[in-house]
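So you can see what is in the structure, the chains are spelled out below.
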Amino acid sequence: MNKYKVVRNTKYDYTGQSYSSIYPNLHRYPASMIPQIGIDLLKEFKISSGNMHKQSLLDPYCGSGTSFICGLECGIKKMSGFDINPLAVLISKAKYTKIKLNEIENEYKKLRNNVFEIMKNEKLIKKINVPEITNIYFWFSEIVVKNLSVIKYCLDNLENEKIKNLFLVPFSETVRECSYTRNNEFKLYRMKPEEISNFNPDVLSFYFKKLNDTIDCYKLFYLPKLEKDTSVKIHSKPFKKEKNAFDIVLTSPPYGDSRTTVAYGQFSTLSNEWLGINNARKIDGMLMGGNRVLELMINNCMAESIQKIETVDRKRALEVSSFYFDLEDSINNVAKNINKNGIVIYVVGNRTVKNVTLPTDQFIAETFEKNGFKHITTYERALSNKAMPSRNSPTNVAGKTVNTMLYEYIVVCKNAG
């Protein structure tokens, strides 16, 4: 029996819709919340009415920045996001940083000319250092490495950091698409040998097509929303404590630790290494649940589920506990930074571990209430439009799988003050 009532709300199913139904994303990213959800939620809870330009929105796990386009659609002018995955921060900054179009056009021409001038001169190419990528020739052919190195060298020479960030987004996409990774996977899996033998991507053509598409999307969909008094600040760190409190939280936190749920770090590893991130292969361990605790969570609504898992696999029970201890700490930090009567909206999934469904929605509502908030509602929506694994093998027996998630939950709480 749920302590906090859950209401099935088909309005938020958006069957047949995707992220790009209203906004093209600049870069693929795992488990992104579709903007339709956030926009309709902000409208339903009257957040889009009144003096919205005076209100502020927080996303403590912002990923590729869906929450901010929702806020911009509803008239919110001041927003802040936090994430520790450098690729996520890059994507969000590229979307929500205002740049003059003539500057983009000028830098595009310079970049294109520089790349193709270097490609004509083998002596110049040999002088360009290949970035330090783990097992680079396991993941890339020599010709792909050469071409990517030239593009990255030219990108590094761009003086305008804002434009460089925008141009690095399609570079990241090119890294992934031109590697030997299976592109339908979030985890790092290599293509089969027979696929590799037939794989010969045209790196330069791919990058400049992606760059043109990225510029067009930015110009048509994101730049028009960045008005003079708009402020979207993206921070490359975990959310802790801010000087100013927020009026709204709109977010979709991770559903579990990255190693066993959605592999944000693995998905981003090659891109982050090419971007020069030193700890690229440690990202998953830095995210929620990345460091395992030595005790089980036993004093809240998660206790019963974790104890059931422990009867089958204590190691997994400790991994699950690690995630919820981290999520609890994060919610406590968020709660301290919300103004009186502020609204928090968490869009989450209740994943299944060892055939036990974890009541994450109940846990979030309970933790906010412990911080003086009041639970307003929890909606259940069919999970039909988020790119993530829908089945897994909890017993590790070949062929024996179960549904991991069929529904998502929208938890809404208010700071009662």
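In case you missed it, the structure is sitting above this.
Residues numbered from 1 in each chain as written. Predicted model: local features only at pLDDT ≥ 70, side-chain atom pairs only at ≥ 80, totals over all residues. Heavy atoms only, no water.

### Let's talk about helix 15 (residues 360–370)
Part 1 of the argument: Counting buried positions along helix 15 gives nine out of eleven residues, so the element sits mostly inside the fold.
Part 2 of the argument: Along helix 15, the residues classified as buried are Thr360, Asp361, Gln362, Phe363, Ile364, Ala365, Glu366, Thr367 and Phe368.
Part 3 of the argument: Positive backbone phi, at 90 degrees, marks Gly372, one or two positions downstream of helix 15. (Buried < 20%, exposed > 50% of the residue type's maximum accessible area, 1.4 Å probe, protein only. Helix = DSSP H or I, 4+ residues; strand = E, 2+ residues; numbered from the N terminus.)

### Describing the environment of Arg112
Part 1 of the argument: Its location among the elements puts Arg112 in helix 4 (residues 101–119).
Part 2 of the argument: Of the residues examined, Arg112 reaches a relative accessible area of 33% and is grouped as partly exposed.
Part 3 of the argument: In this structure the C-alpha to C-alpha distance between Arg112 and Leu204, which are 92 residues apart in sequence, comes to 9.6 Å.

### Notes on the pattern of salt bridges
Any two side chains of opposite charge can pair if their charged atoms end up close together.
Part 1 of the argument: Counting across every chain of the model gives 22 salt bridges.
Part 2 of the argument: The residue Lys77 makes a salt bridge to Asp229 at a minimum N-O spacing of 4.0 Å. Here Asp229 lies in the loop between helix 10 (203–222) and strand 4 (231–235) and Lys77 lies in the loop between helix 2 (66–73) and strand 3 (78–82), a separation of 152 residues in the sequence.
Part 3 of the argument: Overall, the relative accessible area of 15% leaves Lys77 in the buried class.
Part 4 of the argument: You can call Asp229 partly exposed: its relative accessible area is 48%.
Part 5 of the argument: Put simply, Glu117 and Lys120 hold a salt bridge, and the shortest N to O gap is 3.2 Å.
Part 6 of the argument: Look at Lys120 and you get exposed, because its relative accessible area is 65%.
Part 7 of the argument: Each of Arg292, Lys315, Arg316 and Glu319 takes part in a single network of salt bridges with overlapping partners. (Salt bridge = Lys/Arg side-chain N within 4 Å of Asp/Glu carboxyl O.)

### Remarks on the environment of Ser56
Part 1 of the argument: Relative to the assigned elements, Ser56 resides in strand 2 (residues 56–59).
Part 2 of the argument: Judged by its relative accessible area of 5%, Ser56 is buried.
Part 3 of the argument: Excluding residues within four positions of it along the chain, Ser56 makes contact with Lys78, Ala245, Phe246, Asp247 and Ile248. (Contact = heavy atoms within 4.5 Å.)

### Focus on the pairing of strand 4
Part 1 of the argument: Of the two faces of strand 4, the one lined by Val232 and Ile234 is fully buried and the one lined by Ser231, Lys233 and His235 carries no buried residue.
Part 2 of the argument: With five bridges connecting them, strand 3 and strand 4 associate as parallel partners. Residue pairing across strands places Met79 opposite Val232, the latter belonging to strand 4. (Pairing = 2+ DSSP bridges.)

### Observations regarding unusual backbone geometry
Excluding glycine, residues mostly carry a negative phi; peptide bonds, for their part, are mostly trans.
Part 1 of the argument: Phi is positive for Tyr14, close to 50 degrees, though the residue is something other than glycine.
Part 2 of the argument: Tracing the sequence through the fold places Tyr14 in the loop between strand 1 (6–8) and helix 1 (35–44).
Part 3 of the argument: Note on Tyr14: relative accessible area 8%, which makes it buried.

### Quick look at the nonpolar core
Part 1 of the argument: Counting 90 residues, the largest nonpolar core has Phe140 and Phe167 as its most contacted members.
Part 2 of the argument: No other element matches helix 10, which puts nine residues into this core.
Part 3 of the argument: For Phe167, the contacting residues outside a window of four places in its chain are Ile104, Glu107, Tyr108, Leu111, Leu155, Leu158, Tyr207, Leu211 and Ile215.
Part 4 of the argument: Counting residues in hydrophobic clusters, the runner-up holds 38 residues, among them Leu318, Val334, Ile338 and Ala365. (Core = buried A, V, L, I, M, F, W, Y, C linked by side-chain atoms within 4.5 Å.)

### Digging into the state of the cysteines
Part 1 of the argument: Taken as a whole and judged by the stated rule, the model has zero disulfides.
Part 2 of the argument: The thiol of Cys70 is unpaired, and the distance to the nearest cysteine sulfur, on Cys74, comes to 7.2 Å.
Part 3 of the argument: Judged by its relative accessible area of 0%, Cys70 is buried. (Disulfide = S-S within 2.5 Å.)

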